[in-house]
Amino acid sequence: MKQKERGKYDQNFDPMVDKFKNQIYGGIKGEWRLKLLQEDLQELHQKEPMEIWDAGCGLGQLALWFAKEGHTLSCCDISYKMLEEAKKAFREAEIDARFEKLPAQRMAAEIPQQDLVLFHAVIEWLADPLETLRVVSRKVKPGGHLSLLFFNYHSFVYRNALRGGWCVPYVGDKSAWYGKGKKLTPPHPQKPEALIRWLEEQGYEIRVQTGIRVFHDYMKKDALEDTDLEELMALEYRYCREPVYRDMGRYIHILAEKKG
């Protein structure tokens, strides 16, 4: 996909699967993301076996984590290469799951309501984010849960303002940023307060909200190199669920329960 077309179509990561694996999950940033997600989802992870749909499963880490505990997983993604990586991980673990190379919108038409729907780092890459979220969220059973992870709009603005230079003129104009930003900067970052309001209007109650990387991603390279990483992550952990800091996380995770 050409840079100028980003945001007009749902993003397929086939051309960037190796870069995605290395930059998103190949270091401390990916490890921290998985750690906090697993903490937020731990109570559900320990429940009696559930029906779970991972809508946009990517490499399948969270899906496999649940499957190892005995839950039944259905997974979809529009990226063939991502899906193959997820299938490989399941094969190596000798665990079965349903895999479909489908967009979440189409998978939603085929799948029954689920106890838990995972919708992680997908909405910000969609051409029509809220409409797709509406379709996906309808597949949660009453009393079930939606786990929503997304790229934070506020972090996008703040981090790029701090970077200065050529970034500043584009902070207030996302349409101009599409053709300027890096390929792993999503075209449709979301505002947590807007999504929370939307979820509540759809009959959801927010159970957990966590900011992922509330300090790390604002620090310059030389500052990171001069910082004890364990101390930094302890600070991240202390503030990641505190209002204000939480809402400035690079990513936001929301666990919402659909009212019965």
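Residue positions are given per chain, counting from 1 as you read along its sequence in written order. Side-chain atom pairs in this predicted model are given and counted only at pLDDT of 80 or more, local residue features only at pLDDT of at least 70, and totals for whole chains, interfaces and linings cover all residues. Neither water nor hydrogens contribute to the side-chain values; these are computed over all heavy atoms in the structure.

Draft legend 1. Region of the structure containing helix α7 (residues 153-163). The buried label applies to any residue whose accessible area, calculated with a 1.4 Å probe on protein chains only, is under 20% of its type's maximum; exposed applies above 50%, and partly exposed to all values in between. Where helices and strands are cited, they refer to DSSP runs of H or I of at least four residues and of E of at least two residues respectively, numbered from the N terminus. Among all positions in α7, only Tyr-153, Ser-155, Phe-156 and Asn-160 are buried. The arc enclosing the buried residues of α7, seen along the axis, measures out at 160°, which places them on a common side. Pairs of N or O atoms are called polar contacts if they sit within 3.5 Å, as long as, within protein, a hydrogen donor faces a hydrogen acceptor (for residues adjacent in sequence, only side-chain-to-side-chain pairs). Between the side-chain oxygen of the N-cap and the backbone nitrogen of His-154 there are 3.1 Å, and the N-cap of α7 in question is Asn-152. The first or second residue beyond α7 is Gly-164, which carries a positive phi of 65°. The arc in question is formed by the directions pointing from the helix axis toward the C-beta atoms.

Draft legend 2. Region of interest: helix α2 (residues 28-45). One axis fitted to the seven residues ending at a residue, another fitted to the seven starting there: the angle between these axes is the bend at that residue. Approximately 40° is the largest bend angle found in α2, and it occurs at Glu-39. When we look at burial in α2, the residues that qualify are Gly-30, Trp-32, Arg-33, Leu-34, Leu-36, Leu-37, Asp-40, Leu-41, Leu-44 and His-45.

Draft legend 3. Quick look at the pairing of strand β2 (residues 72-76). Within β2, 4 of the 5 residues are buried, which leaves it mostly tucked inside the rest of the structure. Any two strands with at least two DSSP-identified bridges between them are counted as paired. Pairing of strand β1 (residues 51-55) with β2, which is carried by 5 bridges, proceeds in the parallel orientation. Paired with Asp-54 across the bridge in β2 is Cys-75. In this region the chain leaves β1, passes through helix α3 (residues 61-67) and returns to the parallel neighbour β2; the handedness of that crossover is right-handed. Of the strand pairs in this sheet, β2 and strand β3 (residues 98-100) are connected by 3 bridges, and their pairing is parallel. Looking at β3, one finds that Cys-75 is bridged to Phe-99. One crossover worth recording links β2 to the parallel β3 by way of helix α4 (residues 80-93), and it is right-handed. Seen with its strands pointing away from the viewer, a crossover is right-handed if its path from the first strand over the helix to the second goes clockwise.

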